[in-house]
Amino acid sequence: QVRLVESGGGLVQPGGSLRLSCAASGFTFSSYVMRWYRQAPGKEREVVATITSVGGSTNYADSVKGRFTISRDNAKNTVYLQMNSLKPEDTAVYLCNAVHRIFGYHYWGQGTQVTVSS
């Protein structure tokens, strides 16, 4: 069955770094656009970063540009989010999302908590 499993979240001090991973299974990973979203308490879910299925073009929310980097390894069926210079406002549950590049099928992971606090 389809699975997206996030890992790598945790508690980090402001200015610190974390690397999130999302391991995919049960579908043809290389055919899917991958995104990281986040949702903070009381706020709407927002897209943080996107990477295309082919070519690896990326796009970022203005709030994370220059600090976060999305990447993917199609051989490992995994997408990553490197987060540097973390701020308290980055605190949220981070979720992995997959959307088929042609047909629009989409899947979600269960999320991983990131807390930035001193």
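Nothing here was measured: the structure is a model prediction, and the numbers come from that model.

Caption draft 1: Region of interest: the sheet that holds strand β8 (residues 78-83). Judged by pairing direction, the sheet is antiparallel, and its four strands sit side by side in the order β1-β3-β8-β7 without closing on themselves. With partners counted over all chains shown, the strands left at the sheet margins are β1 (3-7) and β7 (68-73), one partner each. Strand-to-strand twist across the sheet, computed as the mean angle between neighbouring axes with direction ignored, equals 15°. Where strand β3 (residues 18-25) lies against β8, six bridges are found, and the strand directions are antiparallel.

Caption draft 2: Focus on the side chain of D90. The topology assignment puts D90 in the loop between β8 and β9 (92-100). Overall, D90 belongs to the buried group, its relative accessible area being 0%. Dropping the residues within four chain positions of it, D90 is found in contact with R38, R67, F68, S85, V114 and V116.

Analysis parameters
Residues numbered from 1 in each chain as written. Predicted model: local features only at pLDDT ≥ 70, side-chain atom pairs only at ≥ 80, totals over all residues. Heavy atoms only, no water. Pairing = 2+ DSSP bridges. Helix = DSSP H or I, 4+ residues; strand = E, 2+ residues; numbered from the N terminus. Axes fitted to C-alpha atoms, helices over the stretch in contact; angles between N-to-C directions. Buried < 20%, exposed > 50% of the residue type's maximum accessible area, 1.4 Å probe, protein only. Contact = heavy atoms within 4.5 Å.

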